[in-house]
Amino acid sequence: MRRGMLILTAAAIAQSSAAAQCRVNSSSNEGKLLAFYTAPIVFSMATAPEVLPPASIRLGAEGEYIPKPDPAIEKTGLCFAQKSEHTSLSPVFGRPRITFGGPLGFALEFAYLPPVTIARATPNLFSYAISHSHRFAFGPAGSGTTLSLRFHGTFGNVKGAITCSRASLQQTDANAPCYGNNPSKDTFHPDMLGGEAAVGFAPGTGTWSWYAGAGANRIDPHFQVGFTDLNNNVDRTQVELSEPLWRPTVFGGLTAVVRNIFDLGAQVYSVPSDATLIRLMGGIRIR
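All residue numbers refer to positions counted from 1 along the written sequence of the respective chain. At least 70 in pLDDT is required for a residue's local features to be given in this predicted model, at least 80 for side-chain atom pairs to be given and counted, and no such filter applies to totals for whole chains, interfaces and linings, which use all residues. The basis for every side-chain value is the complete set of heavy atoms in the structure, and neither hydrogens nor water enter the calculation.

The phi dihedral of Ala 55 is positive, around 70°, even though this residue is not glycine. With respect to the helices and strands, the residue Ala 55 is situated in the loop between helix 2 (29–36) and strand 2 (57–65). A 1.4 Å probe rolled over the protein chains alone gives each residue an accessible area, and that area as a share of the maximum for its type sets the label: buried under 20%, exposed over 50%, partly exposed in between. When its relative accessible area of 65% is taken as the criterion, Ala 55 is described as exposed. At Asn 232, a position not held by glycine, the phi torsion is positive, near 65°. Numbered from the N terminus, helices here are DSSP runs of H or I no shorter than four residues, and strands are runs of E no shorter than two.

Okay, here's the thing in C-alpha cells:
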C-alpha cells in the first residue's frame, strides 16, 4: 500500500512538473520575445581590434538604450491566457567590464552585473570572453590592419514583474489574468554563447580606429513565471524554446584612444532577426 502511494505521488509530481513547462518555437510571440531580449545582453567587443600588451588591464563600462519590441509580439497566448505583456522593465542596459592583456595577442574579458535594481529590473549577470588579435602590415600606413577572433558567453538572470505588473493586477475576475494583489516575481535567463570576427584599422595619426565584423550567437533563453493569485494558486510556468537558436550578427564602430590611457567608442550591434542596438563604451588603461 505504501509503495503504491509513493508511486502515485511520484507520478503526480512528474505530471505537475511537466505541466509547468511550456516549450515554444521561434515563430511564436513568446519565442520572439525571448530572442528579442537576449540581444541587448550580448557581450560584444568593447573597442576596435587591438593587440594589448601582456599584463595590461583595461577597466571599462558600456551602456545602451533598449528598444521596445513590436507591440504585436507582446500579445502572448500560447502558454497563458492571451494578454499583452509589459516587458520593458528598464529603458537602458549597462555593465562594467575588465580586460586583461595576455601573451601572443590573447586577451581575457569579464563583466559582472550585481543584483542592483535599475528601474524595474534586477539583473544578476556574468559575461566572459577570450580573444586573439593580430596586426598585419597591409592597410593604412603606420597602423596596418588588425584582425580579432573572439569567443564570448553570458549567463545569469534578470528579475522583474513582467507577466503581471502592478498596473495589470485586478481583483474582480478569478478566471482572468493577474487576479491578485502583488505583482509577479518573474525571472528571465538570457543564456548564450557566441563567436565573432572583426577587422579594424586606424587611418591618419591612429587616434581613431574603425572596425566592422560579423558572427553568430547560440541563444537558449528561458523565462520563469512567479505569480501567486488571491486564491494562493502559484503559477511557476517555465517558458523555453523548443531548441536553442543560432542568430547571425553584424556590427561596426569606432574607438578613440587618448594618450594610450583613455578610450571612448560607439558601436552599432545588430541581430537582424531580433534587434539593432547602439552602444557607448569608455575605458581607462593600466599598463
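We place a 1 Å grid over just the protein atoms. Points where a 1.4 Å probe fits but has no way out form a cavity, open points with protein on both sides within 12 Å along at least 5 of 7 lines form a pocket, and any residue with an atom within 4 Å of a point lines it. Grid points are joined across faces, edges and corners, and a volume is the space filled by probe spheres set on the points. Under the definition given, this model contains two cavities of 30 Å³ or more. In this structure, the largest cavity spans a volume of roughly 210 Å³. Contributing to the lining of the largest cavity are 19 residues, with Thr 47, Leu 52, Thr 99, Glu 109 and Ser 131 lying nearest its centre. Elements supplying a minimum of two residues to the lining of the largest cavity: strand 6 (106–113), strand 7 (122–136) and strand 8 (145–160). Grouping the amino acids of the lining of the largest cavity by side-chain chemistry returns seven nonpolar, seven polar and five charged. Computed from the structure, the second largest cavity encloses a volume of approximately 40 Å³. What lines the second largest cavity is Ala 35, Thr 38, Ala 39, Val 42, Asn 217, Ile 219, Arg 247, Val 271 and Asp 274. The residue inventory of the lining of the second largest cavity, partitioned by class, reads five nonpolar, two polar and two charged. Note on residue categories: nonpolar means Ala, Val, Leu, Ile, Met, Phe, Trp, Tyr, Cys or Pro, charged means Asp, Glu, Lys or Arg, and polar means any other residue, Gly included.

Another point: the packing of aromatic side chains. Within 6.5 Å between ring centres, the rings of Phe, Tyr and Trp (the latter by its six-membered ring) count as paired, and their orientation is classed by plane angle as stacked under 30 degrees, edge-to-face over 60, tilted in between. For the structure shown, the criterion picks out seven aromatic pairs. Judged by centre distance (6.5 Å) and plane angle (50°), the rings of Tyr 128 and Phe 151 are tilted. Of this pair, Tyr 128 sits in strand 7 while Phe 151 is found in strand 8, placing the two residues 23 residues apart along the sequence. What makes Tyr 128 partly exposed here is its relative accessible area of 25%. On the basis of relative accessible area, Phe 151 is assigned to the partly exposed category, the value being 38%. An aromatic cluster of at least three residues, connected via ring pairs, comprises Phe 100, Phe 110, Phe 126, Tyr 128, Phe 151 and Phe 155. Over the face of the ring belonging to Phe 43 we find Arg 150, whose NZ or CZ atom lies 5.2 Å from the ring centre. Above the face of the Tyr 269 ring, Arg 279 is positioned so that its terminal group lies 4.6 Å from the ring centre. Here, over-ring charges are defined by two tests on the NZ atom of lysine or the CZ atom of arginine: distance to the ring centre within 6 Å, and angle to the ring normal within 35 degrees.

Here we come to the state of the cysteines. Here, two cysteine sulfur atoms that lie within 2.5 Å of each other are counted as a disulfide. Under the counting rule described, the total for this entry stands at one disulfide. Between the sulfur of Cys 164 and that of Cys 178 lies a disulfide, 2.2 Å long from S to S. Every disulfide takes its handedness from the sign of the S-S torsion; for Cys 164 and Cys 178 that torsion is -90°, giving left-handed. One end of the pair, Cys 164, is in the loop between strand 8 and strand 9 (186–189); the other, Cys 178, is in the loop between strand 8 and strand 9, with 14 residues separating them in the sequence.

Salt bridges are identified by distance alone: a Lys or Arg side-chain nitrogen within 4 Å of an Asp or Glu carboxyl oxygen. Counted by the stated rule, this structure contains 11 salt bridges. Arg 95 is the partner of Glu 62 in a salt bridge, and the nearest nitrogen-oxygen pair spans 3.1 Å. Separated by 33 residues along the polypeptide, Glu 62 in strand 2 and Arg 95 in strand 5 (residues 92–101) bring together distant segments of the chain. For Glu 62, a relative accessible area of 8% translates into the label buried. Judged by relative accessible area, which is 4%, Arg 95 ranks as buried. With its nearest N and O atoms 2.8 Å apart, the salt bridge here joins Asp 274 to Arg 247. With a gap of 27 residues between them, Asp 274 in the loop between strand 17 (262–271) and strand 18 (275–286) and Arg 247 in strand 16 (residues 245–258) connect regions that are remote in the sequence. Of the two residues examined, Asp 274 and Arg 247, each falls in the buried class.

Here the focus is the nonpolar core. If you look at the biggest cluster of nonpolar residues, it comprises 41 residues, and the most contacted ones within it are Val 24, Leu 34, Ile 41 and Phe 223. With four residues, the single largest contributor to this core is helix 2. Note on contacts: a residue pair qualifies if any of its non-hydrogen atoms lie within 4.5 Å across the two residues. Setting aside anything within four residues of it in sequence, one finds Val 24 in contact with Glu 30, Gly 31, Leu 34, Leu 78, Cys 79, Val 239, Glu 240, Leu 241 and Ser 242. Only buried residues count toward a nonpolar core, which is a set of Ala, Val, Leu, Ile, Met, Phe, Trp, Tyr and Cys residues joined through side-chain atoms within 4.5 Å.

You can read pLDDT as the predictor saying how much it trusts each residue, on a scale of 0 to 100. Overall, the predicted model of the protein chain reaches an average pLDDT of 87, with 87% of residues at or above 70. For the stretch residues 1–19, pLDDT sits under 50, and the model shows zero contacts to residues farther than four places along the chain or on other chains.

Glancing now at the environment of Phe 151. In the structure, Phe 151 is positioned 21 residues away from Ile 130 in sequence and 5.5 Å away in space, judged by C-alpha atoms. Beyond its immediate sequence surroundings of up to four residues, Phe 151 is in contact with Tyr 128, Ala 129, Ile 130, Leu 193, Gly 194 and Gly 195.

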